[in-house]
Amino acid sequence: MTDFTHLQAMLPAIEAAEMKFDTRTRDAYDDATTIAATADFNKVLEQAALAIHSDLENRTLADQYVKDWRPKSEMDTWFGPEPVKFILHILRDGAVHRQGLPDESVNR
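Residues numbered from 1 in each chain as written. Predicted model: local features only at pLDDT ≥ 70, side-chain atom pairs only at ≥ 80, totals over all residues. Heavy atoms only, no water.

A. Geometry of the overall build of the protein. A count of helical and extended segments in the protein gives four helices and zero strands. Scanning the protein from its N terminus toward the C terminus, one meets helices and strands in the order α-α-α-α. Looking at the protein residue by residue over its 108 residues, the buried ones come to 37%. Across the protein, every contact between residues at least 6 apart in sequence was considered, and the portion connecting residues at least 24 apart equals 65%. In the structure as shown, the protein presents an accessible area of about 6600 Å², 53% of it carried by carbon and sulfur atoms. (Helix = DSSP H or I, 4+ residues; strand = E, 2+ residues; numbered from the N terminus. Buried < 20%, exposed > 50% of the residue type's maximum accessible area, 1.4 Å probe, protein only. Contact = heavy atoms within 4.5 Å. Areas by Shrake-Rupley, 256 points an atom, 1.4 Å probe, with all protein chains shown as cover.)

B. Inspection of the packing of helix H1 (residues 5–25) against helix H2 (residues 31–55) at higher detail. Contact geometry for H1 and H2: axes closest at 9 Å, N-to-C directions at 170°. Comparing their axes, H2 and H1 come out roughly antiparallel. Of the residues assigned to the contact of H1 with H2, the class counts are 14 nonpolar, eight polar and four charged. (Axes fitted to C-alpha atoms, helices over the stretch in contact; angles between N-to-C directions. Parallel < 35°, antiparallel > 145°, perpendicular 65-115°, else oblique. Nonpolar A, V, L, I, M, F, W, Y, C, P; charged D, E, K, R; others polar.)

C. Region of interest: the packing of aromatic side chains. Tallying each qualifying case throughout the model produces six aromatic pairs. Relative to Phe79, the ring of Trp78 has its centre 6.4 Å away and its plane inclined at 55°; by these criteria the two rings are tilted. Across the pair, Phe79 and Trp78 agree in class, each one buried. Between the aromatic rings of Phe79 and Phe86, the centroid separation amounts to 5.8 Å while the plane-to-plane angle is 40°, which identifies the pairing as tilted. (Phe/Tyr/Trp six-rings, centres within 6.5 Å; stacked < 30°, edge-to-face > 60°.)

D. Geometry of the nonpolar core. If you look at the biggest cluster of nonpolar residues, it comprises 26 residues, and the most contacted ones within it are Leu7, Ile14, Ile52, Trp69, Phe79 and Val96. Mapped onto this core, the elements with two or more residues apiece are H1, H2, helix H3 (59–69) and helix H4 (83–93). (Core = buried A, V, L, I, M, F, W, Y, C linked by side-chain atoms within 4.5 Å.)

E. How the structure looks around H2. An ideal rise of 1.5 Å per residue puts 36 Å on 25 residues; H2 measures up with 35 Å between its terminal C-alpha atoms. Lys43 marks where H2 bends most, by close to 25°. Considered for burial, the residues of H2 that qualify are Thr34, Ala37, Thr38, Phe41, Asn42, Leu45, Ala48, Ala49, Ala51, Ile52, His53 and Asp55. Those residues of H2 that are buried are in contact with H1, H3 and H4. (Expected span 1.5 Å × (residues − 1). Bend = angle between axes of the 7 residues up to and from the residue.)

F. Main features of the pattern of salt bridges. Inspection of the entire model under this criterion finds four salt bridges. Linking Asp40 and Arg24 is a salt bridge whose minimum nitrogen-to-oxygen distance equals 2.4 Å. Residue Asp40 is found in helix H2, and its partner Arg24 is found in helix H1; the two are separated by 16 residues along the sequence. Classification of Asp40 as partly exposed rests on a relative accessible area of 32%. Under the relative-accessibility criterion, Arg24 is labelled partly exposed at 31%. We note a salt bridge from Asp40 to Lys43, for which the minimum N-O separation is 3.8 Å. Of this pair, Asp40 and Lys43 both sit in helix H2, three residues apart, which is roughly one turn of the helix. Overlapping salt bridges, with partners in common, bring together Arg24, Asp40 and Lys43 in one network. (Salt bridge = Lys/Arg side-chain N within 4 Å of Asp/Glu carboxyl O.)

What follows is the structure, encoded as structure tokens:
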């Protein structure tokens, strides 16, 4: 189990960014608005990814996670479609696993 102290410290900023993103995109029907809101949200989420990276002891694995979590397009968020839920999962469980794959932390 990992103590995600850097990530925990960021939680209020992450949740505030999510609320702002949701407000800006709730009634948005054009791509430009969504792209702008996503870019702002991703600035905070990128900092969260770097916080997780610094909290993990295994640098090779941390580097791979950050690579996997990067947005694939300008309308994608870091960590996938529900980034705050994913972050809360990490904090709750004290472990990181790739989304959609079994939690490999039990094998370490």
